[in-house]
Amino acid sequence: MGGQQVFISYNSRDAALVEPVVAALQARGIALWIDQEQILPGQPWLPALEQALRDGTAAAVLVGPNAIGPVQQQELGVALSQARNAGKPVIPVLLPGAGALPLFLGQYSAVYLPDDLHGPAFAQAIDRLVTGIIAQPPAPPRPAPPAPKEHVLTIRRQGDACEGQWDGGNPFAFNLPLTKADLDELAWYLESYIQFPGAGDRVRAAALEQRLADWGRQLCAALFPGGDQNAIYAGICGHLDRGATVPGGHRVLLTLASDSADFLIRPWEMLRDSRGPLALRGLTLRRRLLRDSAPAPVVQGSNQPVLPLRLLLIVSRPEDTGFIDPRTSVRPVLDALAGLGQTGQREGDAIRLDFCEPPTLPELQRRLSAARDAGRPYHIVHFDGHGQYYPRTGVGALCFEDDQGRTHLVPGRDLGDLLSAQRVPLVLLEACRGAQVSDRPVFGAVAPALLQAGVGSVIAFSHSVHVEAAKLVCERLYQALVAGRSIGAALDAARGALRANPKRWLSTEPDPETVQLQDWLIPQLYQSGVGAGSDPALVPIDQAVDAEAADLPPDETPLPRCPASRRRRATGSTAAPANCCGWSGCCNATRRCCCTPAAAWARPRWPARPPTGGGAPGASTWPCSTASRPAPGPRPWCN
């Protein structure tokens, strides 16, 4: 309601009675124009009054025990004339002790305030006044989504074979679908193909895409032997089909629990039947690793989550892993959150984003503790970096940095102990793209360890993801979370966005060449527990907001500069521009500098064409500073 500006007219002798009304309206997001505050001494009051009435959306006339004063009488004549001509509402408000409503206001429906200006009756009267101001009734309470139907498939290793069990029923022999060669080919398609695709690569990718549907049917046949005759499968499909006529649809939570890493790393999100992928029709797949020891109690948060959601972003790039362009990680998150008002400082902001800088474990612990002690705990921790996996032990570790900017391996269980102690309900693990790409099972080992320590939900990327895909995932995931969806339903929305937008660019030049990539299966959900409460919503439904990027203010949060400990002078035959930050790999043969402050490389885009008389895009005549950078445009030059 921040767009409502209301002209307030009252007798100054009734100011003590007016103050609670003004405070209550402002608390409800109504902007007020009050002549005693807006018109300075010596300023002509009539032009200011007329302009306020033109700009405003309604006029409220407050009548108290002292009736209409002489000055108020004059401004009301102008106010009522302008309001009638513009069709704007005029609302008489009778304060306690007021006499009869003046005759010239008798044609308008009035709001009567009770004697007690602080009780429930006063709040109801203010709600009625707000309804008149916005000229529409308040939105009805948003209905809670229907509870999802649940099934659990347990797969246990029996020597070289596997045994399955649906919902604690009769066991059956289970054969793992897809070969190692199939999984390796899928990894090539998702990670390597879009690096430098040649003609042969395109042919190979096209052939693989023809096989994706067949792989999905193989996965479905493995989980549901007997096909249409399988009672579990028939029940799932029937439930989803009945949800087609229900607002929000019906969901099915399918938990895949196993002590076999080989089972869990299969791309079960590809499950499909003759009507397409089940994961795009309301089936939420989640994984759980069975352990010998009982997991810690699930932690869902330190308090009832409220807006803004608080997100802590960790971008870890140890020097000994080789140079990786940090923009590929920060940019999609900032682009996704810019429309959600991610600073958390303006009224109506939905998400607060902070950076863990430096990306060390002690700094993470310090920030989590400080935020919780201040009563503003983090709801989401987003880690973007590398990991290492040890096949002999099945242990996965994340690559944080130490004080010297080198690799500090943190086992998943150690990180889980920290996050659960600080009561972080959701962790997102994003595999970065670049030198020494992590072994694929690493996040599949870290995620279960986090659950084992008590973290309630983990979203892990099975493969490194394209920048555009990362943006789509973050954008839809966080939009759905602030809209009150559960974590699983929010991830389903993000998966749908990936499927609907498969175009991935191959370079950052203007009008880049693109390929169509089926990467919607990369995000995976890990959760503990059973019941609908094990897939929680981070925002209660009565506090949820519909967040669309186009309707909310852009982010203006300054980012930290390139860390001084990792600045290195660019090398090559072409000298670096005078304004170059010195980050290795930042300035290339075209003398483009992208990151003098971090805000110049992470968020903005260069215009589609160089300015008149300017040099080549990114030349030294275009310093990369927020003060002199041209206005943002639709195509990226310097990202």
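Residues numbered from 1 in each chain as written. Predicted model: local features only at pLDDT ≥ 70, side-chain atom pairs only at ≥ 80, totals over all residues. Heavy atoms only, no water.

Peer 1: Got a minute to help me understand the side chain of Ser-420 in this structure?
Peer 2: As for its position among the elements, Ser-420 is in helix H12 (residues 412–421). Within the structure, the side chain of Ser-420 is placed 3.1 Å from the backbone oxygen of Ala-453, a separation counted as a polar contact. (Helix = DSSP H or I, 4+ residues; strand = E, 2+ residues; numbered from the N terminus. Polar contact = N/O pair within 3.5 Å; in protein donor to acceptor, adjacent residues only side chain to side chain.)

Peer 1: What should I look at first to understand unusual backbone geometry in this one?
Peer 2: Glycine aside, residues mostly have negative phi, and peptide bonds are mostly found in the trans state. Here the amide bond leading from Glu-357 into Pro-358 is cis, since omega sits at 5 degrees, within 30 degrees of zero. For Pro-358, the location among the structural elements is in the loop between strand S14 (351–355) and helix H11 (361–373). Notably, Ala-67 is not glycine yet its phi reads approximately 60 degrees, a positive angle. Tracing the sequence through the fold places Ala-67 in the loop between strand S3 (58–63) and helix H4 (70–86). The phi dihedral of Leu-178 falls on the positive side, at around 65 degrees, and the residue is not glycine. You can see Leu-178 is positioned in the loop between strand S8 (171–174) and helix H6 (180–192). According to the relative accessible area criterion, Leu-178 is buried, its value standing at 7%. (Buried < 20%, exposed > 50% of the residue type's maximum accessible area, 1.4 Å probe, protein only.)

Peer 1: I'm lost on the packing of aromatic side chains in this one. Help?
Peer 2: Both the distance between ring centres and the angle between the ring planes are used here to describe each pair of aromatic rings. Counted by the stated rule, this structure contains nine aromatic pairs. When the ring of Phe-174 is compared with that of Phe-263, the centres are 5.6 Å apart and the planes differ by 75 degrees; the resulting orientation is edge-to-face. Here the residue Phe-174 occupies a position in strand S8, and Phe-263 occupies one in helix H9 (residues 261–264), the gap between them amounting to 89 residues. A residue is classified by how much of its surface remains accessible, and Phe-174, at 3% relative accessible area, is buried. Ring geometry for Phe-174 versus Trp-268: centroids 6.3 Å apart, planes at 50 degrees, classification tilted. With a gap of 94 residues between them, Phe-174 in strand S8 and Trp-268 in the loop between H9 and strand S10 (272–273) connect regions that are remote in the sequence. Three or more aromatic residues joined by ring pairs make a cluster, and in this case those are Trp-166, Phe-224 and Tyr-233. Here the basic side chain of Arg-204 rests over the ring of Trp-188, its NZ or CZ set 3.8 Å away from the ring centre. (Phe/Tyr/Trp six-rings, centres within 6.5 Å; stacked < 30°, edge-to-face > 60°. Lys NZ or Arg CZ within 6 Å of the ring centre and 35° of its normal.)

Peer 1: Honestly, the sheet that holds strand S16 (residues 387–390) in this entry has me stumped. Any pointers?
Peer 2: Paired through their backbone hydrogen bonds, the strands of a sheet run either parallel or antiparallel. Overall, antiparallel pairing links the three strands, which are arranged S16-S17-S18 in an open sheet. Looking along the sheet, the strands with just one partner apiece sit at the ends: S16 and strand S18 (407–411). Averaged over all neighbouring strand pairs, the angle between strand axes comes to 30 degrees, with direction disregarded. Seen against the sheet, H12 touches strand S17 (395–401) and S18 and runs at an angle of roughly 75 degrees to S18. (Pairing = 2+ DSSP bridges. Axes fitted to C-alpha atoms, helices over the stretch in contact; angles between N-to-C directions. Contact = heavy atoms within 4.5 Å.)

Peer 1: Which parts of the structure should I look at to understand the pairing of S18?
Peer 2: Here five bridges tie S17 to S18, and the two strands are oriented antiparallel to one another. Bridge pairing in S18 places Leu-398 opposite Val-410. Connecting S17 to the antiparallel partner S18 that follows it, the hairpin turn spans five residues, and Gly-405 within it adopts a positive phi of roughly 80 degrees.

Peer 1: Help me understand the sheet that holds strand S1 (residues 5–9), please; the structure alone is not making it clear to me.
Peer 2: On the basis of which strands lie adjacent, the open sheet formed by five strands has the order S2-S1-S3-S4-S5 and parallel pairing. Among the strands making up the open sheet, the edge pair consists of strand S2 (31–34) and strand S5 (111–112). Bridging between strand S4 (residues 90–94) and S5 involves two bridges; their strand directions are parallel. Bridged to Leu-94 within S5 is Tyr-112. Its contacts with the sheet place helix H1 (residues 15–27) against S1, S2 and S3, and it is angled at close to 145 degrees to S2.

Peer 1: Can you help me understand the packing of helix H14 (residues 467–482) against helix H15 (residues 487–500) in this one?
Peer 2: Pairs of packed helices are described in terms of their axes, by the angle between the two and the distance that separates them. Contact geometry of H14 with H15 gives a least axis separation of 8 Å together with a crossing angle of 145 degrees. Helix-helix and strand crossings are classified by hand; for H14 and H15 the assignment is right-handed. The residues of H15 that touch H14, namely those facing Ala-469, Leu-472, Val-473, Arg-476, Leu-477, Ala-480 and Leu-481, are Ile-487, Ala-490, Leu-491, Ala-493, Ala-494, Ala-497 and Leu-498. Of the residues in the contact of H14 with H15, the class split is 13 nonpolar, no polar and one charged. (Left-handed = near helix turned anticlockwise from the far one by under 90°. Nonpolar A, V, L, I, M, F, W, Y, C, P; charged D, E, K, R; others polar.)

Peer 1: Can you walk me through the state of the cysteines in this structure?
Peer 2: The bond known as a disulfide is covalent and runs between the sulfur atoms of two cysteines. This model, assessed by the stated rule, comprises zero disulfides. A disulfide-free cysteine, Cys-237 has its sulfur positioned 7.3 Å from the sulfur of Cys-220, the nearest such atom. (Disulfide = S-S within 2.5 Å.)

Peer 1: What is the right way to look at the nonpolar core in this model?
Peer 2: As a rule of thumb, nonpolar side chains are buried together in soluble globular proteins. With 82 residues, the main nonpolar core has Leu-223, Tyr-478 and Leu-481 as its most contacted residues. Here this core takes ten residues from H14, the largest share from any one element. Apart from the residues within four sequence positions on either side, Leu-223 is in contact with Leu-153, Trp-166, Phe-174, Leu-254, Leu-256, Phe-263, Trp-268 and Leu-271. (Core = buried A, V, L, I, M, F, W, Y, C linked by side-chain atoms within 4.5 Å.)

Peer 1: Looking at this structure, how should I read the side chain of Arg-287?
Peer 2: With respect to the element layout, Arg-287 can be found in strand S12 (residues 283–289). Beyond its immediate stretch of four places on either side in the chain, Arg-287 contacts Leu-256, Leu-264, Arg-266, Pro-267, Trp-268, Glu-269, Leu-451, Gln-524, Leu-525, Tyr-526 and Gln-527.

Peer 1: Looking at this structure, how should I read helix H8 (residues 231–242)?
Peer 2: Residues spaced three or four apart along an α-helix point in a common direction, a consequence of the helix completing one turn every 3.6 residues. The terminal C-alpha atoms of H8, which comprises twelve residues, lie 16 Å apart, in line with the 16 Å expected from a rise of 1.5 Å per residue. Within the sequence span of H8, burial applies to Ile-232, Tyr-233, Ile-236, Cys-237, His-239 and Leu-240. Burial along H8 is one-sided: seen end-on, the buried residues are contained in an arc of 160 degrees. In H8, the exposed positions that point more than 90 degrees away from the buried face belong to Ala-231 and Arg-242. The N-terminus of H8 is capped by Asn-230, whose side-chain oxygen sits 2.9 Å from the backbone nitrogen of Ile-232. (Expected span 1.5 Å × (residues − 1). Arc of directions from axis to C-beta.)

Peer 1: Can you walk me through the environment of Val-6 in this structure?
Peer 2: With respect to the helices and strands, Val-6 occurs in strand S1. Once the C-alpha coordinates of Val-6 and Ala-52 are considered, the two residues, 46 residues apart in sequence, prove to be 8.8 Å apart. Contacts of Val-6, omitting those with residues within four sequence positions, involve Ile-30, Ala-31, Leu-32, Trp-33, Ala-58, Ala-60 and Ile-133.

Peer 1: Where do I start with the packing of H11 against H12 in this structure?
Peer 2: At a minimum axis distance of 10 Å, the contact between H11 and H12 shows a crossing angle of 15 degrees. Classified by the angle between their axes, H11 and H12 sit roughly parallel to one another. Both H11 and H12 take part in a crossing whose hand is right-handed. Facing Leu-361, Leu-364, Gln-365, Leu-368 and Arg-372 of H11, the residues of H12 in contact are Leu-415, Leu-418, Leu-419 and Ala-421. Residue composition of the contact of H11 with H12, grouped by class: seven nonpolar, one polar and one charged. (Parallel < 35°, antiparallel > 145°, perpendicular 65-115°, else oblique.)

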